[in-house]
Amino acid sequence: MNKTTTKAAAKTLPLNTIISGDCIAEMKKLPDDSIDLIFADPPYNLQLKGTLHRPDNSLVDAVDDEWDSFSSFGAYDRFTEQWLAEARRLLKPNGAIWVIGSYHNIFRVGAKLQDAGFWILNDVVWRKSNPMPNFRGKRLTNAHETMIWAGKSEASKYTFNYEALKALNEGVQMRSDWVLPICNGGERLKDANGDKAHPTQKPESLLHRVLIGSSNPGDVVLDPFFGTGTTGAVAKMLGRDFIGIEREAAYRKVAEARIANVRRLDSDALKVTTSKRAEPRVPFGQLVERGMLRPGEMLTSPNGKAAKVRADGTLISKDTKGSIHQVGAALEGAPSCNGWTYWHFKRDGKPVPIDVLRQQIRAEMQTRPS
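- As recorded by an unreviewed UniProt entry, the protein carries the name Methyltransferase and is attributed to Aliiruegeria lutimaris.
- Per UniProt, the comment on the protein under Sequence similarities (unreviewed entry) is "Belongs to the N(4)/N(6)-methyltransferase family."
- Quoted verbatim from the Catalytic activity (unreviewed entry) field of the UniProt record, the comment on the protein reads "a 2'-deoxyadenosine in DNA + S-adenosyl-L-methionine = an N(6)-methyl-2'-deoxyadenosine in DNA + S-adenosyl-L-homocysteine + H(+)".

The following block contains the structure:
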């Protein structure tokens, strides 16, 4: 899809709107290849057989709503196939989808995802730090839910903000098991009677991590099972556009009020740590052209190796010549070398990595008017 087509599609999208209606019918009205990311929290089909009580005989507020009722596994599978088909049609070629579920449905949904042509990237275990106990005492406490993250196809160049997730995790690579609390306390939305506004409201921390890791500011995020609007609230805060679809009027009312009170973060606050691979490419020769390093200037390595800068942006050392990376690798007898961190120049008598000069140029590139 070219840029003109993409802009035209964006103009027809009901951005930052909660659509009233059935998710499949309403998804059919949206244009092809128009959505960057989908977060889907479909019905789990987990209705209990009979009521459930705590040890003190108080009633557990379980999921017994009509929207979570299906006559059979076959009926649920057909429903899943239909909404996934629309989801894949709506995603841009490099779009992706997250689907969350429990043991009741996630395995069936995962198979249908693959059948529909999605390419599974990860399954993420959301381990609840404060799960609801198993009151009957006949099974293990159900302390987690599973999310499936999938690209539209195997060839999709999906968004993955690796460095941002690493920063969220105190500099350690983010794993596929996420320990986060369930929605409770002040975050748990209540209706006019003081009861839970939605039985399976997701915590904002979960959506924060999903959106930071797999979308960018300005992206369009679709949630076809919008509920009380967690996806929309976090999307608005993080500078993403959202589209929600919700058939239950009570949930829409709560979601609208909730999102109206959310403040979008400013542009500086929305910036996240990016991979160096995503930064503008700066050839070493540009440092020479601009006089930041001079032909004939000597560069040194931390262990005392040396090479001379040549006018064409290559280095020469003894019998070795080539790029900053090639010469560094040859001198170290290594298969590869990051010349930007290996080589240093002298300023005020102190060695300084040549990468400092590259970052100066990148900073200039980012502040130039487009």
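We are not done yet, so read on.
1. A look at the overall build of the protein
Part 1 of the reasoning: The helix and strand tally for the protein stands at 13 helices and 14 strands.
Part 2 of the reasoning: A burial count over the protein gives 42% of its 370 residues as buried.
Part 3 of the reasoning: For the protein, contacts bridging at least 24 residues in sequence account for 67% of all contacts bridging at least 6.
Part 4 of the reasoning: As presented, the protein carries roughly 19800 Å² of accessible surface, and 50% of it is formed by carbon and sulfur atoms.

2. A short note on the side chain of Thr231
Part 1 of the reasoning: Note that Thr231 resides in helix 7 (residues 230-237).
Part 2 of the reasoning: Ignoring sequence-local partners within four residues, the contact set of Thr231 consists of Phe39, Leu207, Leu211, Val221, Asp223 and Phe226.

3. With respect to helix 3 (residues 73-90)
Part 1 of the reasoning: An ideal rise of 1.5 Å per residue puts 26 Å on 18 residues; helix 3 measures up with 26 Å between its terminal C-alpha atoms.
Part 2 of the reasoning: Among the residues of helix 3, those classed as buried are Ala75, Tyr76, Asp77, Phe79, Thr80, Trp83, Leu84, Glu86, Ala87 and Leu90.
Part 3 of the reasoning: Buried residues along helix 3 sit in contact with helix 2 (23-27), strand 2 (35-40), strand 3 (91-101), helix 4 (106-116) and strand 7 (220-223).

4. Observations regarding the pattern of salt bridges
Part 1 of the reasoning: A full pass over the atoms with the stated rule returns 19 salt bridges.
Part 2 of the reasoning: We note a salt bridge from Glu26 to Lys29, for which the minimum N-O separation is 3.1 Å.
Part 3 of the reasoning: Residues Asp177 and Arg175 are paired through a salt bridge, measuring 2.8 Å at the closest nitrogen-oxygen approach.
Part 4 of the reasoning: Take Asp177: its relative accessible area is 32%, and that puts it in the partly exposed class.
Part 5 of the reasoning: One network of salt bridges, with partners in common, ties together Lys28, Asp32, Glu86 and Arg89.

5. Section: helix 6 (residues 204-214)
Part 1 of the reasoning: Where burial is concerned, most of helix 6 is hidden: 8 out of the 11 residues are buried.
Part 2 of the reasoning: Here helix 6 has its buried residues at Leu206, Leu207, Arg209, Val210, Leu211, Ile212, Gly213 and Ser214.

6. Things to note about the nonpolar core
Part 1 of the reasoning: Counting 32 residues, the largest nonpolar core has Trp98, Met147, Trp178, Leu206 and Leu211 as its most contacted members.
Part 2 of the reasoning: If you tally residues by element for this core, the top one is helix 6, at 5 residues.
Part 3 of the reasoning: When sequence neighbours within four positions are dropped, the list of residues in contact with Trp178 reads Trp98, Val124, Val125, Trp126, Arg127, Met147, Leu206, Arg209 and Val210.

7. With respect to the pairing of strand 5 (residues 144-151)
Side chains on a regular strand alternate between the two faces of the sheet.
Part 1 of the reasoning: By the criterion of burial, strand 5 is predominantly enclosed, with 7 of the 8 residues buried.
Part 2 of the reasoning: Relative to strand 5, strand 4 (residues 119-128) runs antiparallel, the two sharing 8 bridges. The residue bridging Trp119 from the neighbouring strand is Gly151, located in strand 5.

8. Remarks on the pairing of strand 14 (residues 350-353)
Part 1 of the reasoning: Note that strand 13 (residues 344-347) and strand 14 share 4 bridges and pair antiparallel. Paired with His344 across the strands is Pro353, a residue of strand 14.
Part 2 of the reasoning: Here strand 13 folds back onto strand 14 in antiparallel fashion, the turn holding 2 residues, of which Asp348 has a positive phi close to 55°.

9. A few points about the environment of Lys92
Part 1 of the reasoning: Mapped onto the fold, Lys92 is located in strand 3.
Part 2 of the reasoning: When the C-alpha atoms of Lys92 and Ser156 are compared, they prove to be 9.1 Å apart, with 64 residues separating the residues in sequence.

10. Points about the packing of aromatic side chains
Part 1 of the reasoning: Taken as a whole and judged by the stated rule, the model has 11 aromatic pairs.
Part 2 of the reasoning: Consider the rings of Trp98 and Trp178, whose centres lie 5.9 Å apart with planes at 45°: the pair is tilted. Remark: Trp178 occurs in strand 6 (residues 177-180) and Trp98 occurs in strand 3; sequence separation between them is 80 residues. Trp178 carries the same exposure label as Trp98, and that label is buried.
Part 3 of the reasoning: Chaining the aromatic ring pairs together yields one cluster made of Trp98, Trp149, Tyr158, Phe160, Tyr162 and Trp178.

11. Looking at unusual backbone geometry
What is expected of a backbone is that most residues other than glycine have negative phi and most peptide bonds are trans.
Part 1 of the reasoning: Phi is positive for Glu170, which is not a glycine, with a value near 55°.
Part 2 of the reasoning: Within the secondary structure, Glu170 is located in the loop between helix 5 (162-168) and strand 6.
Part 3 of the reasoning: In this structure, Asp348 is a non-glycine residue whose phi angle is positive, near 55°.
Part 4 of the reasoning: Locating Asp348 in the fold gives a position in the loop between strand 13 and strand 14.
Part 5 of the reasoning: For Asp348, a relative accessible area of 80% corresponds to the exposed category.

12. Side note on the packing of helix 7 against helix 8 (residues 249-260)
Part 1 of the reasoning: Here helix 7 crosses helix 8 at 15°, and the two axes come no closer than 9 Å. When the axes of helix 7 and helix 8 are compared, the pair comes out roughly parallel. Between helix 7 and helix 8 lies a crossing of right-handed hand. The residues of helix 8 that touch helix 7, namely those facing Thr230, Gly232, Ala233 and Lys236, are Arg258, Ile259 and Ala260.
Part 2 of the reasoning: By residue class, the composition of the contact of helix 7 with helix 8 is 3 nonpolar, 2 polar and 2 charged.

Basis of the calculations
- Residues numbered from 1 in each chain as written.
- Predicted model: local features only at pLDDT ≥ 70, side-chain atom pairs only at ≥ 80, totals over all residues.
- Heavy atoms only, no water.
- UniProt positions renumbered as here; feature names shortened; annotations may be inferred.
- Helix = DSSP H or I, 4+ residues; strand = E, 2+ residues; numbered from the N terminus.
- Buried < 20%, exposed > 50% of the residue type's maximum accessible area, 1.4 Å probe, protein only.
- Contact = heavy atoms within 4.5 Å.
- Areas by Shrake-Rupley, 256 points an atom, 1.4 Å probe, with all protein chains shown as cover.
- Expected span 1.5 Å × (residues − 1).
- Salt bridge = Lys/Arg side-chain N within 4 Å of Asp/Glu carboxyl O.
- Core = buried A, V, L, I, M, F, W, Y, C linked by side-chain atoms within 4.5 Å.
- Pairing = 2+ DSSP bridges.
- Phe/Tyr/Trp six-rings, centres within 6.5 Å; stacked < 30°, edge-to-face > 60°.
- Axes fitted to C-alpha atoms, helices over the stretch in contact; angles between N-to-C directions.
- Parallel < 35°, antiparallel > 145°, perpendicular 65-115°, else oblique.
- Left-handed = near helix turned anticlockwise from the far one by under 90°.
- Nonpolar A, V, L, I, M, F, W, Y, C, P; charged D, E, K, R; others polar.

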